[in-house]
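Each chain is listed here by its residues.
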Amino acid sequence: MNKYKKSRNRLICMVFLLTGIFFQSWGQTYYPYRKHEYSFSRKWGYADSLKRLVISLQYDEVNPFINGVARVKINGKYRFINKKQEYINQIEYDYATNFSDSLAIVRRGSGWGVINTQGKPMTPLMYDRVYPYKNGYAAVVYNRRYGFINRQGKLVIKPAYDYVHPFGKEYTGIRIREYWGFINRKGEIVIPTKYKDVSNFREGLALVKYENRYGYINTKGQLMINYQFEAAVSFQEGMARIEKNGYSGFVDKQGWLIKPKYYAVVSFKEGLARVKNATSWGFIDKRGDTIVPFKYDEATSFYEGLAGVRNGNKWGFINKAGKIVIPQEYERADVPRNGLIRVKKNDKWGFINKRGEEVIPIKYDFVNSFQYGVSRVKYNNEWIYIDKRGMEYVDY
């Protein structure tokens, strides 16, 4: 009896140990990695956070792991691997996207389709094109006609249209011959095809072009803001950019205007809009009051409380009170993304934080924004990956 208990306890301990090892491996971050001496062959693999090789150097191109699966390129074809370095299926693709919400769009030859993270086809490779999913539907092209599939790969709206917009929450714009209208998620036409152009509904209204002017309709097709604008865009933060009599301004959902008197405007972001008078850029609020004076040669919208501003050849950042919080000393500057800002100084790129502190050295030939915890950067004419600590996943 005691021998049986001891054997059972050993077995339980072994199961827990193996399970722990499996989940540790599964949950561990694997980083795209290469060795400098492999630069002539440019083969890639993956390393852990200590730069220990965990997947061998054999791929021509690699991407970060997403949901436990990574897109790689080998011998000119795209494949997907898991963290055990196993291919998730036996198909070589001529084109493939990274996984997004557990689905990837793939192409082999001229046939497009969708697969899941197990490598199983959600659709046959039968379409002329598959577009990214939006609100649960992906536009597909078959025999030059557009329709939609759902996340299960089912054809929910037959290809019958000359062009479509990505699906909105309830409706999407479709074109039959030269005229646009809207359908619902069942494929029923809910607003007739009578417009020269449309944008999808946003904040309850859709931009439509009738004859030669733009206006806005509601989801019942009722005209809410008259056809009067020479150009316009969809609503954002309760306001929409419009152009009238050659000048730019804004309209709210009741049709009230911030007078079109500007030479250029950009949609509201974080409560302020950047606008340009005859010579310079500044910022206004939703009443049309000037909040940041017109004194900049160029400006970005506000992101994470900061806006980039340029005078001459130098960029810096202001807060919403218009105060310079990061000096204008950079040749190029991106908007803040999760607290980090791409900047260029003395012809080199790196990252600063929102206090203007250099957090990743400004020494690279080029840097991309961070995605999935890594940034692809160019250093000494070679592409490598770094993490947010600045760790370079290459050995020189």
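Definitions and limits used
- Per chain, residue numbering runs from 1 following the sequence as it is written.
- Local features in this predicted model are restricted to residues of pLDDT 70 or higher, and side-chain atom pairs are both shown and tallied only at a pLDDT of 80 or more, whereas totals for entire chains, interfaces and linings draw on every residue.
- Computation of side-chain values: all heavy atoms of the structure, hydrogens and water removed.
- Put simply, DSSP marks the helices as runs of H or I at least four residues long and the strands as runs of E at least two long, and each gets a number from the N terminus on.
- Partly exposed residues are those whose accessible area sits between 20% and 50% of the maximum for their type, while under 20% is buried and over 50% is exposed, using a 1.4 Å probe and protein chains only.
- Any pair of residues with heavy atoms lying within 4.5 Å of one another is described as a contacting pair.
- Note that accessible areas follow from Shrake-Rupley with a 1.4 Å probe, and for residues the cover is restricted to the protein chains shown.
- Working convention for charge: Lys and Arg count positive, Asp and Glu count negative, and His plus the chain ends are omitted.
- A charged residue contributes its charge at one atom only: NZ of Lys, CZ of Arg, CG of Asp or CD of Glu.
- At least two bridges found by DSSP between two strands is the condition for calling them paired.
- Residues belong to one nonpolar core when they are buried, are Ala, Val, Leu, Ile, Met, Phe, Trp, Tyr or Cys, and are joined through side-chain atoms within 4.5 Å.
- Grid points spaced at 1 Å and placed over the protein atoms alone form the basis of the search, with a cavity being a set where a 1.4 Å probe fits but cannot get out and a pocket an open set showing protein on both sides within 12 Å along at least five of seven lines. Lining residues have an atom within 4 Å of a point.
- Grid points are joined across faces, edges and corners, and a volume is the space filled by probe spheres set on the points.
- Just so you know the grouping, Ala, Val, Leu, Ile, Met, Phe, Trp, Tyr, Cys and Pro go in nonpolar, Asp, Glu, Lys and Arg go in charged, and all remaining residues, Gly too, go in polar.
- Between 30 and 60 degrees the pair is tilted, below 30 it is stacked and above 60 it is edge-to-face, where a pair is any two Phe, Tyr or Trp rings, Trp via its six-membered ring, whose centres lie within 6.5 Å.
- When a carboxyl oxygen of Asp or Glu lies within 4 Å of a side-chain nitrogen of Lys or Arg, that pair is called a salt bridge.
- Scored from 0 to 100, pLDDT records how confident the predictor is in each individual residue.

Draft legend 1. How the structure looks around the overall build of the protein. Looking only at helices and strands, the protein has one helix and 41 strands in total. Evaluated residue by residue, the protein yields a buried proportion of 43% over its 396 residues. Residue pairs at least 24 apart in sequence account for 27% of intrachain contacts in the protein once pairs closer than 6 positions are excluded. Accessible area for the protein stands at about 21000 Å²; split by element, carbon and sulfur atoms hold 48% of it. Side chains of the protein carry 66 positive and 37 negative charges; the gap between the two charge centres is 6 Å.

Draft legend 2. Spatial organisation of the pairing of strand E6 (residues 77–82). Burial within E6 is extensive, with five of its six residues counted as buried. The sheet contact formed by strand E5 (residues 69–74) and E6 spans six bridges and is antiparallel. Note that in E6 the partner of Ala70 across the bridge is Ile81. Where E5 folds back on E6, the antiparallel hairpin that results is connected by two residues, among which Asn75 adopts a positive phi of roughly 55°.

Draft legend 3. Spatial organisation of the nonpolar core. Ranked by size, the top nonpolar core spans 18 residues in total, and within it Tyr46, Ile55, Tyr59, Val62, Phe65, Val72 and Ile81 carry the most contacts. Beyond its immediate sequence surroundings of up to four residues, Val62 is in contact with Pro32, Trp44, Gly45, Tyr46, Arg71, Val72 and Tyr385. Leu340, Ile360, Val367 and Phe370 belong to the second-largest nonpolar core, a separate cluster that totals twelve residues.

Draft legend 4. Main features of the layout of surface pockets. Empty space within the largest pocket amounts to approximately 410 Å³. Around the largest pocket, the lining is made up of 18 residues, and of these Val62, Asn63, Pro64, Arg376 and Tyr385 lie nearest the centre. Taken together, the elements giving at least two residues each to the lining of the largest pocket come down to strand E4 (61–62), strand E39 (374–379) and strand E40 (382–387). At three residues, the largest contribution of residues to the lining of the largest pocket is made by E39. In terms of residue class, the lining of the largest pocket is made up of seven nonpolar, six polar and five charged.

Draft legend 5. The packing of aromatic side chains, seen in detail. This model, assessed by the stated rule, comprises 26 aromatic pairs. Relative to Tyr385, the ring of Trp44 lies with its centre 5.6 Å away and its plane at 85°, an arrangement referred to as edge-to-face. Here Tyr385 lies in strand E40 and Trp44 lies in strand E2 (residues 44–47), a separation of 341 residues in the sequence. Centre to centre, the rings of Tyr195 and Tyr210 are 6.4 Å apart; their planes meet at 75°, and the pair counts as edge-to-face. With Tyr195 in strand E17 (residues 189–195) and Tyr210 in strand E19 (residues 206–210), this residue pair connects regions lying 15 residues apart in the sequence.

Draft legend 6. Examining the sheet that holds strand E27 (residues 273–276) more closely. The strand order across the open sheet formed by four strands is E26-E27-E28-E29, and the pairing between neighbours is antiparallel. Both edges of this open sheet fall to strand E26 (264–265) and strand E29 (290–296), since each of them pairs with a single strand only. Taken together, the two bridges between E26 and E27 define a ladder with antiparallel strand orientation. Paired with Ala264 across the two strands is Lys276, which belongs to E27.

Draft legend 7. Layout of the pattern of salt bridges. A full pass over the atoms with the stated rule returns 23 salt bridges. Of the charged contacts in the structure, one is a salt bridge between Lys354 and Glu304, with a shortest N-O distance of 3.9 Å. With Lys354 in the loop between strand E36 (348–353) and strand E37 (358–364) and Glu304 in the loop between strand E30 (298–299) and strand E31 (307–311), this residue pair connects regions lying 50 residues apart in the sequence. Bridged by salt links that share partners, the residues Lys35, Lys51 and Asp395 form one connected network.

Draft legend 8. Seen up close, the sheet that holds E37. Here four strands make up an open sheet; going across it, the order is E34-E35-E36-E37 and the pairing antiparallel. Edge strands, defined here as strands with exactly one partner in the open sheet, are strand E34 (332–333) and E37.

Draft legend 9. Summary view of unusual backbone geometry. Phi angles above zero are rare outside glycine, and Ser102 is one such case at about 70°. By the secondary structure assignment, Ser102 is in the loop between strand E7 (95–96) and strand E8 (103–108).

Draft legend 10. Just the confidence of the model for the protein, in detail. When pLDDT is averaged along the protein, the result is 93; 92% of the residues meet or exceed 70. This model gives residues 11–25 a pLDDT under 50, and the stretch forms three contacts once residues within four places in sequence are excluded.

Draft legend 11. Just the side chain of Ser234, in detail. Structurally, the position occupied by Ser234 is in the loop between strand E22 (231–232) and strand E23 (239–244). Accessibility expressed as a relative area gives 16% for Ser234, which makes it buried. Once residues lying within four places of it in the same chain are set aside, the contact partners of Ser234 are Ser199, Asn200, Arg202, Leu207, Met239 and Ala240.

Draft legend 12. The environment of Ile191, seen in detail. Looking at where Ile191 falls in the secondary structure, it is placed in strand E17. Assessed through its relative accessible area of 1%, Ile191 is described here as buried. Along the sequence, Ile191 and Gly221 sit 30 residues apart, while their C-alpha atoms lie 5.8 Å from each other. Those residues within four positions of Ile191 in sequence are excluded, and the remaining contacts are Gly181, Phe182, Phe201, Ile217, Asn218, Thr219 and Gly221.

Draft legend 13. Geometry of the pairing of E19. Judged from the two bridges that link them, strand E18 (residues 197–198) and E19 form a sheet pairing that is antiparallel. Residue pairing for E19: Asp197 is matched across the bridge by Lys209. Bridge count for E19 against strand E20 (residues 213–217) is five bridges, and the pairing is antiparallel. Among the inter-strand pairings, Ala206 is bridged to a residue of E20, identified as Ile217. Between E19 and E20, which pair antiparallel and follow one another directly, the connecting turn spans two residues, one of which, Glu211, has a positive phi of 55°.

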